[in-house]
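# Topology and contacts: notes
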Amino acid sequence: SGHPDVARALIGIGNVSMHRAAYTRARECFERGLAIQERTLGRSHPATATTLTNCGLAHEKLGNRQEAARMHERALGIQREALGDTHPDIARTLSHLGQAHEALDSLDKAFECHSEAYSIREKMLGVEHADTAYSVGRLGTVCRRREDYHKALEYFHLGLAINEKTLGHMHPG
């Protein structure tokens, strides 16, 4: 059936499947739900972007790195159009896209994505937010992989300072 409620149910099954590490099943459910959403809500609806992100995450878990990046790119385009350039959802999608580029060894693109995600999160969520610290950590990881160890250490120290301030020195995470 092509009803939005069917898409919602499929996406729910896909989310549970992701949590159970049944990535092929998740991808199948997300793609079926996406097809319904594109027909009923349109290709530029924010819910369609969310499902594209879910598809991208499933593809990433399955090792389909190019397809994951393509899905995240599409989601980002829809979100920018619907939400503007500084919405926290944009930062989340940029982070996913950055990780997809990391997996593809496209480290310059990964750095750009994580840098923009960091800027959005710092502006919209504040410097002392866990998501901001996460973006700082991703920047550190990309710099380490680029063998820019000095810059990597700067990012990791900043991430540590944020986490210690917000979580405390003894937090187990």
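Residues numbered from 1 in each chain as written. Predicted model: local features only at pLDDT ≥ 70, side-chain atom pairs only at ≥ 80, totals over all residues. Heavy atoms only, no water.

This part takes up the overall build of the protein chain. From N to C terminus, the protein chain includes eight helices and zero strands. Overall, the protein chain shows an N-to-C arrangement of helices and strands of α-α-α-α-α-α-α-α. A globule of 173 residues ought to have a C-alpha radius of gyration of about 16 Å, and the protein chain, at 17 Å, matches this closely. Taken along the three principal axes of its C-alpha coordinates, the protein chain extends 55 × 30 × 30 Å. (Helix = DSSP H or I, 4+ residues; strand = E, 2+ residues; numbered from the N terminus. Rg over C-alpha atoms; globule rule 2.2 N^0.38 Å.)

Another aspect to go through is the packing of aromatic side chains. All chains considered together, the criterion is met by one aromatic pair. Here F111 and Y155 contribute two aromatic rings whose centre-to-centre distance is 6.3 Å and whose plane-to-plane angle is 65°, an arrangement assigned as edge-to-face. With a gap of 44 residues between them, F111 in helix α6 (residues 107-125) and Y155 in helix α8 (residues 149-167) connect regions that are remote in the sequence. As far as the burial class goes, F111 and Y155 line up, both buried. The ring of F111 has R146 sitting right over it, with the charged end atom 4.7 Å from the ring centre. (Phe/Tyr/Trp six-rings, centres within 6.5 Å; stacked < 30°, edge-to-face > 60°. Buried < 20%, exposed > 50% of the residue type's maximum accessible area, 1.4 Å probe, protein only. Lys NZ or Arg CZ within 6 Å of the ring centre and 35° of its normal.)

Assignment of secondary structure puts Q37 in helix α2 (residues 23-40). The class for Q37 is buried, based on a relative accessible area of 7%. Look past the residues within four positions of Q37 in its chain and what remains in contact with it is A7, I11, G42, A47, T48 and T51. (Contact = heavy atoms within 4.5 Å.)

Remark: helix α1 (residues 4-19) packs on α2, axes separated minimally by 8 Å, with the N-to-C direction vectors making an angle of 160°. Between α1 and α2, the angle is such that the two are roughly antiparallel. When the axes of α1 and α2 are compared, the crossing they make is left-handed. For the pair formed by α1 and α2, the contact residues are P4, V6, A7, L10, I11, I13, G14, N15, S17 and M18 on the first element and Y23, R25, A26, C29, F30, R32, G33, I36, Q37 and T40 on the second. For the contact of α1 with α2, the class distribution of residues is 12 nonpolar, six polar and two charged. (Axes fitted to C-alpha atoms, helices over the stretch in contact; angles between N-to-C directions. Parallel < 35°, antiparallel > 145°, perpendicular 65-115°, else oblique. Left-handed = near helix turned anticlockwise from the far one by under 90°. Nonpolar A, V, L, I, M, F, W, Y, C, P; charged D, E, K, R; others polar.)

Evaluation of the coordinates by the stated rule reveals 13 salt bridges. Linking R43 and E38 is a salt bridge whose minimum nitrogen-to-oxygen distance equals 3.4 Å. Here R138 and E102 are joined by a salt bridge, their closest N and O atoms 2.5 Å apart. Taken together, the residues span a long stretch of sequence, with R138 in helix α7 (residues 130-145) and E102 in helix α5 (residues 88-103) at a distance of 36 residues. For the pair R138 and E102, one class covers both residues: buried. Each of the salt bridges in this network shares a partner with another, and the network as a whole consists of E38, R43 and R74. (Salt bridge = Lys/Arg side-chain N within 4 Å of Asp/Glu carboxyl O.)

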